[in-house]
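Descriptive analysis of the structure
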Amino acid sequence: MRIGLRETVFSINCFAAAMLALFVSFSLGLERPFWAMATVYITSQPLSGAVRSKAVFRLAGTAVGGIVTVLLVPALVNAPVLLSLALALWVALCQFVSLLDRTPRSYLFMLAGYTAALIGFPSVTHPEAIFDTAVLRVQEIGIGVLCAAFIHAIVWPRSVSQVFGRRVAGVLAEAETWIADVLAAAPVASTGRERRKLAGDITDLHVTATHIPFDTARIRPTRALLTGMQDRLVLLIPLVSAVEDRWRSLIAAGPLPAPLAPLAGAVATVRDWVTTPALPAAPVIATLRTARDAVEADGWRALLALNLLARLEELVHALAEARTLVAAVADPAGSPPLMVGAVAARPLHRDYGLALLSATATLLTVLGCCLFWIVTGWPEGAVAAMIAAVVCCFFATLDDPVPAQRGFLLWTIASLPLAALYLFAILPAIDGFAMLTLAMAPPLLAMGAVMANPSWYGRMVPMMLGFAGGLALTNSFTVDAASFFNANVAQIIGIAAAMVMTRLIRSIGAGTAIRRLRRAGWRDLAALAERPADAAAVQIAAWRSRMLDRVGLLASRIGEVEDEERDAAAATLRELRMGLSIAQIAPVADHAALRAALARHFRTLASGDDVAPPAELLDRIDGAIAAGRTIADPEERRGQLVNLVGLRRNVFPAAPDWQDARAAA
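Below: a short report on this structure. (Residues numbered from 1 in each chain as written. Predicted model: local features only at pLDDT ≥ 70, side-chain atom pairs only at ≥ 80, totals over all residues. Heavy atoms only, no water.)

Some details on a nonpolar patch on the surface
A cluster of nonpolar side chains, Leu-5, Phe-150, Ile-154, Val-155 and Trp-156, forms an exposed patch at the surface whose accessible area comes to about 500 Å². Of note, Leu-5 is situated in helix H1 (residues 5-28). The exposure class of Leu-5 is exposed, given its relative accessible area of 56%. (Patch = residues over 30% accessible without salt bridge, like charges linked within 9 Å, V, L, I, M, F, W, Y side chains within 5 Å. Areas by Shrake-Rupley, 256 points an atom, 1.4 Å probe, with all protein chains shown as cover. Salt bridge = Lys/Arg side-chain N within 4 Å of Asp/Glu carboxyl O. Helix = DSSP H or I, 4+ residues; strand = E, 2+ residues; numbered from the N terminus. Buried < 20%, exposed > 50% of the residue type's maximum accessible area, 1.4 Å probe, protein only.)

This is the structure we're talking about:
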């Protein structure tokens, strides 16, 4: 754990914002200033733009949750079972939507859900005050987020745009290293790891880019520029993967014959250009086209060489444009590059089934706590219900939330002795806000500095919430040992209930998550093969975005599974290349039967039957290659053969070399 200058400044900023929020709340005579103090720490992020976006989403989500509570509680307060069901359903619905969003905006939906629980359940005993309570909650949250955004924006702010520009340059450097390793004459063992890391980094860039509109920088990259850059980076992964497959296959078959001798020189030229970014791309493309024109589509190795040269040309175009766009992102004050087009949506993978399971676990957890509360008549039962909703929502994005929920429980318990020390020994001796600030400084500054470390953030948040909630600072300070004990016992019961129900209904392993991701990919491939030949290119871009997102999601799970499942995860990249080949052969009417056979195969895989591609499919691809060689127009013939050869390599990587059936006969 490293605590340096950045972490220290972040902690000081958080503390200053928290004390400012407390002071404003006390000055306005608000009832629960500790809500504002806790909000500062929940909202604070190392990047000032991320603080703003989280502040906006948190305030909006709190307002929506408050409105829903005002509508539900007075209407159903005399029917406790119906009220519990209504609030639990609302929390579950919001969680379901937030899990499908998968951007920082999902925080709004999550807040709208559990805010209703935080306001609604404690208000059941005095429903006449529900409107005041909801307004108070919105006010306190508003004060907290405004104070956090203000302090982090003026005291050594860290611009999202600047950090993003450096991060993008690093991702581009990773891509160039991977490409150089792929084009090396001898295989490099690290290419698989480099590929998986790049996929995850590109997905992270997409999520980080959503904070840029809220950034503190005066000049920021436009959305069109960011989208164009991400498009090129996304395209690199399947292209480089295809190049690696073809190049290694050609090398493994032995020395290149004389007709393919220009290929080695063309590959070396591309590698030199990749490792020397200052070189222009035009001479490289000219070299590739000269080598392509010298290759006759006679035999399998020649067909592989044609495919390799075509993919290398696409790769050079994509990398050259990526370099231009990355430079523009790093310096957004200049004119945008000409290749920046219209803004397109960036769809990501959505797992409706898993989102529904998570929402169901939350629904049953909250209802179970409410039932215990109603049956026992325990006043603090409301605390158990609302904390159960919060804990279920916090960790719903994880494959198995239980370990994180267990950590939340342990660090919440760890905060209680500190909260008790302050509540019963230190705070009674405090007189005035200045003394309160001095007294609160040691624990809050220490926890804030540790919280700035990403590996400790998940531990410090429950510690901070437990400490702030245990103190429950108000304008009229009172100490009630029984209330402190009961509320914290209820909190522990709520967290434990969330753990038990999540374990029973929601937890899955990394292997199961990988299988779900692959089945979703197969369904998309089947739909891609079945789509009309004149479908818009934007559909292809949307599919590619989802598939690459899945590659990143798989990459994050590779280290948690056995070797067999690692192979399955690596195969997803081959399926990404399949999709590119399917998209390119789709407009050709003669390939309708081939696309139908591909769709049937992927539908079978998606249904859960782990079967090898049928021999009939290989025969159809081979027949299409043979027919493609008879096309009169050289450009059309070359394009068809390139796409069909890529499809054959991706669907049947272990199949014997293609042979013309007529020549063999």
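Overview of the packing of helix H5 (residues 106-120) against helix H14 (residues 381-394)
Running from amino to carboxyl end, H5 crosses H14 at an angle of 165°, the nearest separation of the two axes being 8 Å. Relative to H14, the element H5 lies roughly antiparallel. Note that H5 runs across H14; the crossing there is left-handed. Counting all contacts with H5, which are made through Met-110, Tyr-114, Ala-117 and Leu-118, the residues of H14 involved are Met-386, Ala-389, Val-390, Cys-393 and Phe-394. (Axes fitted to C-alpha atoms, helices over the stretch in contact; angles between N-to-C directions. Parallel < 35°, antiparallel > 145°, perpendicular 65-115°, else oblique. Left-handed = near helix turned anticlockwise from the far one by under 90°. Contact = heavy atoms within 4.5 Å.)

Quick look at the nonpolar core
If you look at soluble globular proteins, the nonpolar side chains tend to sit buried side by side. If you look at the biggest cluster of nonpolar residues, it comprises 94 residues, and the most contacted ones within it are Leu-233, Leu-312, Leu-594, Leu-598 and Phe-602. Residues Ala-21, Met-464, Phe-467 and Leu-471 belong to the second largest nonpolar core, which totals 45 residues. (Core = buried A, V, L, I, M, F, W, Y, C linked by side-chain atoms within 4.5 Å.)

Digging into H14
In this model H14 runs 20 Å from its N-terminal to its C-terminal C-alpha over 14 residues, within 8% of the 20 Å that 1.5 Å per residue would give. Of all the 14 residues making up H14, twelve are buried; the element is thus mostly covered by neighbouring parts of the structure. For H14, the complete set of buried residues consists of Gly-381, Ala-382, Ala-384, Ala-385, Met-386, Ile-387, Ala-388, Ala-389, Val-390, Val-391, Cys-392 and Cys-393. (Expected span 1.5 Å × (residues − 1).)

Observations regarding the packing of aromatic side chains
Each aromatic ring pair is specified by the distance between its two centres and by the angle formed by the two planes. Enumeration over the complete set of coordinates arrives at twelve aromatic pairs. Aromatic side chains Phe-372 and Trp-378 sit 6.2 Å apart centroid to centroid with 85° between the ring planes, which places their arrangement in the edge-to-face category. With a relative accessible area of 17%, Trp-378 lands in the buried category. A ring pair is formed by Phe-394 and Phe-408, whose centres lie 6.0 Å apart and whose planes are at 70°; its orientation type is edge-to-face. Of this pair, Phe-394 sits in helix H14 while Phe-408 sits in helix H15 (residues 402-426), and the two are 14 residues apart along the sequence. Taking relative accessible area as the criterion, Phe-394 reaches 25% and is therefore assigned partly exposed. Note on Phe-408: relative accessible area 4%, which makes it buried. Ring pairs connect the aromatic residues Tyr-114, Phe-394, Phe-395 and Phe-408, which therefore count as one cluster. One Lys or Arg, Arg-459, reaches over the ring of Trp-456 and ends 4.3 Å from the middle of that ring. For the cation-ring pair, Arg-648 lies above Trp-300, with the distance from its terminal atom to the ring centre recorded as 4.9 Å. (Phe/Tyr/Trp six-rings, centres within 6.5 Å; stacked < 30°, edge-to-face > 60°. Lys NZ or Arg CZ within 6 Å of the ring centre and 35° of its normal.)

Quick notes on the packing of helix H10 (residues 261-275) against helix H12 (residues 300-330)
Packing of H10 against H12 brings their axes to within 11 Å, and their N-to-C directions diverge by 15°. In terms of axis orientation, H10 runs roughly parallel to H12. Along this stretch, H10 crosses H12, giving a crossing that reads as left-handed. Of the residues in H12, those touching H10 at Leu-263, Ala-266, Val-267, Val-270, Trp-273 and Val-274 are Ala-305, Leu-308, Leu-309, Leu-312, Val-316, Leu-319, Ala-320 and Arg-323.

Considering the pattern of salt bridges
The tally for this structure, following the rule as stated, stands at 18 salt bridges. Note that Glu-176 and Arg-323 form a salt bridge whose closest N and O atoms lie 2.8 Å from each other. Here Glu-176, found in helix H7 (residues 160-182), pairs with Arg-323, found in helix H12; they are 147 residues apart in sequence, far enough to count as distant. For Asp-351, the salt bridge identified is with Arg-516, shortest N-O distance 2.6 Å. Of this pair, Asp-351 sits in the loop between H12 and helix H13 (352-376) while Arg-516 is found in helix H19 (residues 510-530), placing the two residues 165 residues apart along the sequence. Here Asp-351 falls in the buried class, since its relative accessible area comes to 19%. Put simply, Arg-292, Asp-293, Glu-635 and Arg-638 are held in one network by salt bridges that share partners.

Here's the deal with H10
A turn of α-helix holds 3.6 residues, and therefore any two residues three or four places apart point the same way. With 15 residues, H10 should cover 21 Å at 1.5 Å per step; its first-to-last C-alpha distance of 23 Å lies within 8% of that length. Those residues of H10 lying buried are Leu-263, Ala-266, Val-267, Val-270, Trp-273 and Val-274. One face of H10 carries all of its buried residues, which in axial projection span an arc of 125°. (Arc of directions from axis to C-beta.)

Thoughts on the state of the cysteines
By the definition in use, this model includes zero disulfides. Of all cysteine sulfurs, the one in Cys-393 lies closest to Cys-392, which takes part in no disulfide; the gap is 6.8 Å. (Disulfide = S-S within 2.5 Å.)

Read these as geometric descriptors, not functional statements.
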